[in-house]
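Architecture and fold: a report
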Amino acid sequence: MKIILGVSGGIAAYKAAELARLLMQQGHEVQAVMTDAAREFVQPLTFSALTGRKTLTNMFEVEHAIGHISVAQESDVLVIAPATADLMAKLAHGLAGDFLSTIYLAFTGPVVLAPAMNVNMWNHPATQANLETLRRRGHHIVEPESGYLACGMTGPGRLANPETIAAAVARAGAKRTDLEGETVLITAGPTQEPLDPVRYISNRSSGKMGYALAEAAVSRGARVILISGPVSIPAPRGVELVPVQTAVEMRDKVFENLEPAGIVIKAAAVADFHLSKVPDQKVKKTAARITLEFDPTPDILAELGRQKGDRLLIGFAAETQNLEREARRKLETKNCDMIVGNLVGGDLGFGSEDNEVALALRTGEVISLPRASKREIADRIFDEALKLRFALQAAHGR
Ligand code: PMT
């Protein structure tokens, strides 16, 4: 791979030399780019010697007319290690005052950021907000490690070790095509169940988890049919979007589109109850209190479980307690191959950028995935789903 190694100015800049060496050893071409502040800590010559290429430091020193564009266009992955608080703020806000930040804006491939800084700077709400912005942009963040820091304090802020960063680069740069030829049907978002012509009940699902799954599946080569309740986020490029409002509509569209699907993922938060007879007219405020009687909606996942055939069926479980137990119970009762259990409440689950989930598999295994962006979780779900399908096929001698 052709890798741009950005180095910004922190005490950990010297460790980037080790990363450069490791990436070269793994057979990559590495182009180092240093900020002015980084050069206060390490000499460009160190990186030039390790990479066999002149380290870029100045916007105006590249032979080609538009240096930052050509460097950006020729490379597969941009990794910045260490990424200082200052650099992350620039990246988050699109400031492009030096060579590294202009390359960042001109680069369209995967970006890996390995932050390193003082613990208070790391914990500062401004840094965390910038980090959140960068995470939401889909960048891979290699979390700093906790420990004794050069400033004498102890806590998170130490640059992750070069092997960990190199592994993140390899993952980010791997062009995955393992879903090529596959049709993936995904449901996402909430449903809205009308109470009368102007009112409805719904839930807090933003659609982010389901849309992240759709984006991951498209990027891995799948045809994706995304059946979505009402959300305010754009559909990922390349998906076939089927918008719906109610649980009944979602059920109908799922079964209309089921035939070509080899993998079905039910990330939608479907209402469990609805008014089966919705009044034609707006309900007037004539009484001090009203009582509504709800009927159950169709359980789409359970119905899919009965008709799944050879398909891989993945459901979600949003729980506030007993996550693993509930995930296993739903796996059995709904005849799924995998249940993605998320502990909702706190700052995770509905509407959040990150998620932390436990995957209950048909094989009996439970895999915990630590907190990560929903996009990263989506890729891990597909990784495990493909392994599971392989294991199930092997078990059935297919
Ligand atoms: O959309 P986000 O803001 O990103 O939030 C993500 C999420 C929390 C909504 C998502 O990750 C999630 O957990 N989705 C499932 C929420 C849910 O409805 O859980 P449940 O335990 O009530 O349902 C279990 C499973 O049955 C789900 O796969 C659901 O799609 C399915 N179901 C539920 C009811 C119903 N009538 N039909 C169904 O198919």
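Residues numbered from 1 in each chain as written. Predicted model: local features only at pLDDT ≥ 70, side-chain atom pairs only at ≥ 80, totals over all residues. Heavy atoms only, no water.

1. Overview of the nonpolar core
Selection rule: We define the nonpolar core as a collection of buried residues of types Ala, Val, Leu, Ile, Met, Phe, Trp, Tyr and Cys that are connected through side-chain atoms lying within 4.5 Å of one another. The buried label goes to any residue with under 20% of its type's maximum accessible area, the exposed label to any with over 50%, and the partly exposed label to all in between, with areas taken from a 1.4 Å probe on protein chains only. Secondary structure counts use DSSP, requiring at least four H or I residues in a row for a helix and at least two E residues in a row for a strand, with both numbered from the N terminus.
One finds Leu213, Ile265, Met338, Leu359 and Ile381 to be the most contacted residues of the largest nonpolar core, which totals 37 residues. When residues of this core are assigned to their parent elements, the largest contribution, 8 residues, is made by helix α14 (residues 374-395). Residues Leu22, Ala32, Val169 and Ala172 belong to the second largest nonpolar core, which totals 31 residues.

2. What about the packing of helix α1 (residues 13-25) against helix α9 (residues 162-173)?
Defined as follows: Each axis is a line fitted through C-alpha atoms, and for a helix only the stretch in contact is used; angles between axes span 0 to 180 degrees, taken between their N-to-C directions. Oblique is the label for every angle not falling under 35 degrees (roughly parallel), over 145 degrees (roughly antiparallel), or within 65 to 115 degrees (roughly perpendicular). Left-handed describes a crossing whose near helix is turned anticlockwise from the far helix by less than a right angle; the clockwise case is right-handed. The contact definition used throughout considers only heavy atoms, calling two residues in contact when any of these lie within 4.5 Å. Gly falls in the polar group here, along with every residue not listed as nonpolar (Ala, Val, Leu, Ile, Met, Phe, Trp, Tyr, Cys, Pro) or charged (Asp, Glu, Lys, Arg).
Following both chains from N to C, one finds α1 and α9 inclined at 50°, their axes separated by 9 Å at the closest point. Classified by the angle between their axes, α1 and α9 sit oblique to one another. The chirality of how α1 crosses α9 is right-handed. Here Lys15, Glu18, Leu19, Leu22 and Leu23 of α1 come into contact with α9, specifically with Pro162, Glu163, Ile165, Ala166 and Val169. Across the contact of α1 with α9, the residue classes tally to 7 nonpolar, no polar and 3 charged.

3. Some details on the site of the ligand
As a reminder of what qualifies: We call a residue near a molecule or strand whenever a single non-hydrogen atom of that residue lies within 4 Å of it. Throughout this description, a polar contact denotes any pair of N or O atoms lying within 3.5 Å of each other; where both atoms belong to protein, one of them has to be capable of donating a hydrogen while the other can accept it, and for residues adjacent in sequence the pair is counted only when both atoms sit in side chains. Surface accessibility follows the Shrake-Rupley procedure with a 1.4 Å probe radius. Residue values consider only the protein chains on display as shielding.
Residues in contact with the ligand amount to 28 residues; listed here are only the nearest, Ser205, Ser206, Ala268, Lys330 and Gly351. The contact in question runs from an oxygen atom of the ligand to an N or O atom on the side chain of serine 206, over 2.6 Å. In the environment of the ligand, an oxygen atom lies 3.5 Å from a nitrogen or oxygen atom belonging to the backbone of glycine 349. Notes on the ligand: free accessible area 780 Å², of which the protein chains cover 95%. Among the secondary structure elements, those contributing two or more residues to the shell around the ligand are α10 (208-219), α12 (300-307) and β16 (312-319). Looking at the shell around the ligand, the element that brings in the most residues is β16, giving 4 residues. Partitioning the shell around the ligand into residue classes produces 13 nonpolar, 8 polar and 7 charged.

4. Concerning the sheet that holds strand β2 (residues 29-34)
Note the cut-off: Should DSSP find at least two bridges between two strands, the strands are taken to pair.
One open sheet accounts for 5 strands, arranged β2-β1-β3-β4-β5; its pairing is parallel. Edge positions in the sheet fall to β2 and β5 (140-141), since each of these pairs with one other strand and no more. Pairing of strand β1 (residues 2-7) with strand β3 (residues 77-83) involves 4 bridges; the strand directions are parallel. Paired with isoleucine 4 across the strands is leucine 78, a residue of β3. Packed on one face of the sheet, helix α3 (residues 44-51) meets β1 and β2 and runs near 175° to β2.

5. Describing the domain arrangement of the protein
What counts is decided by this rule: Domain segmentation is taken from an automatic or database assignment of domains.
Segmentation of the protein into domains returns domain 1 (2-173) and domain 2 (183-395). Averaged C-alpha coordinates put domain 1 and domain 2 at centres separated by 37 Å.

6. A short note on the pairing of strand β19 (residues 366-373)
On any regular strand, side chains alternate: one points to one face of the sheet, the next to the other face. Bridging between strand β18 (residues 354-361) and β19 involves 6 bridges; their strand directions are antiparallel. When the sheet's bridge partners are listed, alanine 360 is paired in β19 with valine 366.

7. Focus on the pattern of salt bridges
Test applied: Each salt bridge in this description consists of a side-chain nitrogen of Lys or Arg and a carboxyl oxygen of Asp or Glu lying within 4 Å of one another.
Following the criterion strictly, the structure yields 30 salt bridges and no others. Between arginine 39 and aspartate 36 there is a salt bridge, with the nearest N and O atoms lying 2.8 Å from each other. Taken together, the residues arginine 39 and aspartate 36, both in helix α2 (residues 36-39) and 3 residues apart, mark about one turn of the helix. When the shortest N-O distance is used, the salt bridge between aspartate 354 and arginine 371 registers 3.0 Å. Here arginine 371 lies in strand β19 and aspartate 354 lies in strand β18, a separation of 17 residues in the sequence. With a relative accessible area of 42%, arginine 371 lands in the partly exposed category. Through salt bridges with shared partners, a single network forms among Asp178, Glu215, Arg220, Arg375, Asp379 and Asp383.

8. Digging into the sheet that holds strand β17 (residues 338-343)
Here 8 strands make up an open sheet; going across it, the order is β12-β11-β8-β13-β16-β17-β18-β19 and the pairing mixed. Because the sheet does not close on itself, it has two edges, and the strands there are β12 (240-243) and β19. Mean inter-strand twist for the sheet, computed between neighbouring axes without regard to direction, equals 20°. Taken strand by strand, helix α13 (residues 323-333) contacts β16, β17, β18 and β19, and its axis lies near 150° from that of β17.

9. What about the side chain of serine 206?
Along the chain, serine 206 turns up in the loop between β10 (200-201) and α10. By relative accessible area, serine 206 is classed as buried at 18%. Within the structure, serine 206 has its side chain in polar contact with the backbone nitrogen of lysine 208 (distance 3.2 Å). Here serine 206 is in contact with Val231, Ile233 and Gly351, once residues within four sequence places are set aside.

10. Overview of unusual backbone geometry
Cis geometry marks the peptide bond from alanine 81 to proline 82; its omega dihedral reads -5°. With respect to the helices and strands, proline 82 occurs in strand β3. Although it is not a glycine, asparagine 322 sits at a positive phi angle of roughly 50°. Looking at where asparagine 322 falls in the secondary structure, it is placed in the loop between β16 and α13. Relative accessible area serves as the criterion here: at 38%, asparagine 322 is assigned to the partly exposed category. In this model, asparagine 335 sits at a positive phi of 55°, which is unusual for a non-glycine residue. Secondary-structure assignment places asparagine 335 in the loop between α13 and β17.

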